[in-house]
Amino acid sequence: MKTTILTLMGFIFPLMVLAHGVHDDGGAKPQKGGVLKSLETIHLELVQMGDEIRVYVYNKETPPKSEDVSKFPVSAKIVLPRNKGSKDIELSAKKDHWSAKYQAKGIHRFDFILNIEQGGHKDKVVFTVEPKK
């Protein structure tokens with residue numbers, strides 16, 4: 001009986017060690033009601049309103065504060081589903097966000113891919129956007 005219990009415990013405890021909680025991003029919440037993605041040194045929030053896409057940058061402080069986007073080299077593109085193509089998007093920098101126009105006529109979903117340099121290296125961030133009509 002002891003052998004059976006020890007054998008079962010040998011199987012259960014390693015699984016408990018491997019299971020772990022979700023990594024906390026410091027409790028950051030979207031400031032503008034968009035979709036938030038966290039990187040090493042900043043948070044990015046994508047907000048889509050009509051034909052306009054905005055990407056806001058926040059630092060990792062609590063509460064997060066807006067960052068000046070001119071500090072970050074960036075490029076973006078739109079990728080349509082099912083290999084229907086992609087299109088480079090020009091971002092215009094405002095003080096605390098980038099802005100781009102994209103008319104998603106007849107498209108129910110697309111990926112907005114942002115290539116950004118932060119924290120000493122380049123990151124690729126993918127936002128899935130479902131245009132609001």
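## What to know about the pairing of strand β4 (residues 74–79)
One ladder, built from six bridges, connects β4 with strand β8 (residues 110–118); its direction is antiparallel. Following the sheet pairing, valine 74 is matched in β8 by isoleucine 116. Pairing of β4 with strand β5 (residues 86–89), which is carried by four bridges, proceeds in the antiparallel orientation. Bridging across to β5, isoleucine 78 finds its partner in lysine 87.

## Side note on the confidence of the model for the protein chain
Averaged over all residues, the pLDDT of the protein chain equals 85, while 81% of them reach at least 70. Confidence over residues 16–24 falls short of pLDDT 50; this stretch has zero contacts with residues more than four positions distant or in other chains.

## Here we look at the packing of aromatic side chains
The final tally for this structure, using the stated rule, is two aromatic pairs. Relative to tyrosine 58, the ring of tyrosine 56 lies with its centre 6.5 Å away and its plane at 15°, an arrangement referred to as stacked. By relative accessible area, which is 4% here, tyrosine 58 ends up buried. A ring pair is formed by tyrosine 102 and phenylalanine 110, whose centres lie 5.2 Å apart and whose planes are at 70°; its orientation type is edge-to-face. Using a relative accessible area of 3% as the deciding quantity, one classes phenylalanine 110 as buried.

## A word on unusual backbone geometry
In this structure, proline 63 follows threonine 62 across a cis peptide bond, with omega equal to -5°. Tracing the chain through its elements places proline 63 in the loop between β3 (52–59) and β4. Located in the positive-phi region is arginine 82, a residue other than glycine, with phi close to 55°. Inspection of the secondary structure assignment puts arginine 82 in the loop between β4 and β5. For arginine 82, a relative accessible area of 73% puts it in the exposed group. The phi torsion at asparagine 83 lies on the positive side, around 55°, for a residue other than glycine. As for its position among the elements, asparagine 83 is in the loop between β4 and β5.

Here is what the cut-offs are and how they apply
Residues numbered from 1 in each chain as written. Predicted model: local features only at pLDDT ≥ 70, side-chain atom pairs only at ≥ 80, totals over all residues. Heavy atoms only, no water. Pairing = 2+ DSSP bridges. Helix = DSSP H or I, 4+ residues; strand = E, 2+ residues; numbered from the N terminus. pLDDT = per-residue confidence, 0-100. Contact = heavy atoms within 4.5 Å. Phe/Tyr/Trp six-rings, centres within 6.5 Å; stacked < 30°, edge-to-face > 60°. Buried < 20%, exposed > 50% of the residue type's maximum accessible area, 1.4 Å probe, protein only.

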